[in-house]
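Chain by chain, the residues:
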Amino acid sequence: QKEVEQNSGPLSVPEGAIASLNCTYSDRGSQSFFWYRQYSGKSPELIMSIYSNGDKEDGRFTAQLNKASQYVSLLIRDSQPSDSATYLCAVNRVSGGNEKLTFGTGTRLTIIP
Amino acid sequence: EAGVTQFPSHSVIEKGQTVTLRCDPISGHDNLYWYRRVMGKEIKFLLHFVKESKQDESGMPNNRFLAERTGGTYSTLKVQPAELEDSGVYFCASSRKTVAASVFSNQPQHFGDGTRLSIL
């Protein structure tokens, strides 16, 4: 079992619709959860972080965390063609000052105009 | 502020040669990380510096890889000798100093564009 699992996609969503990206993780000790967006050949760019159960909203993005189910998701409202990218889920367990991120393989999202 | 900068952006070398990758973190970031993504796989952790000290090097694949961060500023990752399986994209990330041992001390990591390493 992978430590962080994501549907690899590709996920195609019409422009203006809601894109829903999902991620599950295996380490119950995980404390911090991140969504990164990566355009081809570019750096992973942090778009959302979430630490507590529930929803966190930032503009068109909403992250949802359910630690009991070991599940984290990202919703993108009013999807735009510029949202087409690979979305990486990453989790972190801070232990003794060690803060390495564990990534999923990423979900490729395509917004169809 | 300037982001994380990596050099070179792309390197092509033959098996058995040596390659050195460089990372300049965001100014003032004490934490520096190296990650690697091989084709078709997820990004994987290699090691973590706090200033000039190696905090965690559990992800380093073998002793052909040597990372340094002299003076706690930029870092280098040397592969010697390179093998075919070392091909991939090497990412560097940095973050601010961890303030306290709590979840809120987990400062976000900011990534560079990566170095694409191809071993022939």
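Every value quoted in this text rests on a predicted model; they were computed, and no experiment measured them.

(A) Spotlight on the interface of chain B and chain A. Taken residue by residue, the interface counts 22 residues in chain B and 23 residues in chain A. Of the roughly 2,000 Å² buried where chain B meets chain A, counting both sides, 51% is carbon and sulfur surface. Between the two partners, chain B and chain A, sit zero salt bridges. Taken together, the links from chain B to chain A amount to six residue pairs in polar contact (both at pLDDT 80 or more). Listed by contribution, the elements that provide at least two residues to the side of chain B that touches chain A are strand S4 (31-37), strand S5 (44-50) and strand S6 (53-56) of chain B.

(B) Main features of the pattern of salt bridges. For the structure shown, the criterion picks out eight salt bridges over all chains. Here Glu57 of chain A ties to Arg77 of chain A by a salt bridge, and the two come within 3.4 Å at their closest N and O atoms. Here the residue Glu57 of chain A occupies a position in strand S6 (residues 54-58), and Arg77 of chain A occupies one in the loop between strand S8 (71-76) and strand S9 (85-92), the gap between them amounting to 20 residues. For Glu57 of chain A, a relative accessible area of 59% translates into the label exposed. Here Arg64 of chain B ties to Glu85 of chain B by a salt bridge, and the two come within 3.9 Å at their closest N and O atoms.

(C) Layout of the layout of surface pockets. The computed volume of the largest pocket comes to approximately 800 Å³. The wall of the largest pocket is formed by 30 residues, among which Gln38 and Gly41 of chain A together with Arg37, Val89 and Arg116 of chain B lie closest to the centre. Of all the secondary-structure elements, those providing two or more residues to the lining of the largest pocket are S9 and strand S11 (107-112) of chain A together with strand S9 (88-95) and strand S11 (115-119) of chain B. Counting residues per element, the lining of the largest pocket draws most heavily on S11 of chain B, at four residues. For the lining of the largest pocket, the residue count by class is seven nonpolar, 17 polar and six charged.

Scoring rules and cut-offs
Residues numbered from 1 in each chain as written. Chains lettered and ligands numbered in written order. Predicted model: local features only at pLDDT ≥ 70, side-chain atom pairs only at ≥ 80, totals over all residues. Heavy atoms only, no water. Contact = heavy atoms within 4.5 Å. Buried area = accessible area lost by both parts, 1.4 Å probe. Salt bridge = Lys/Arg side-chain N within 4 Å of Asp/Glu carboxyl O. Polar contact = N/O pair within 3.5 Å; in protein donor to acceptor, adjacent residues only side chain to side chain. Helix = DSSP H or I, 4+ residues; strand = E, 2+ residues; numbered from the N terminus. Buried < 20%, exposed > 50% of the residue type's maximum accessible area, 1.4 Å probe, protein only. 1 Å grid on protein atoms, 1.4 Å probe; cavity = no way out; pocket = protein on both sides within 12 Å on 5 of 7 lines; lining within 4 Å. Points joined across faces, edges and corners; volume = space filled by probe spheres on them. Nonpolar A, V, L, I, M, F, W, Y, C, P; charged D, E, K, R; others polar.

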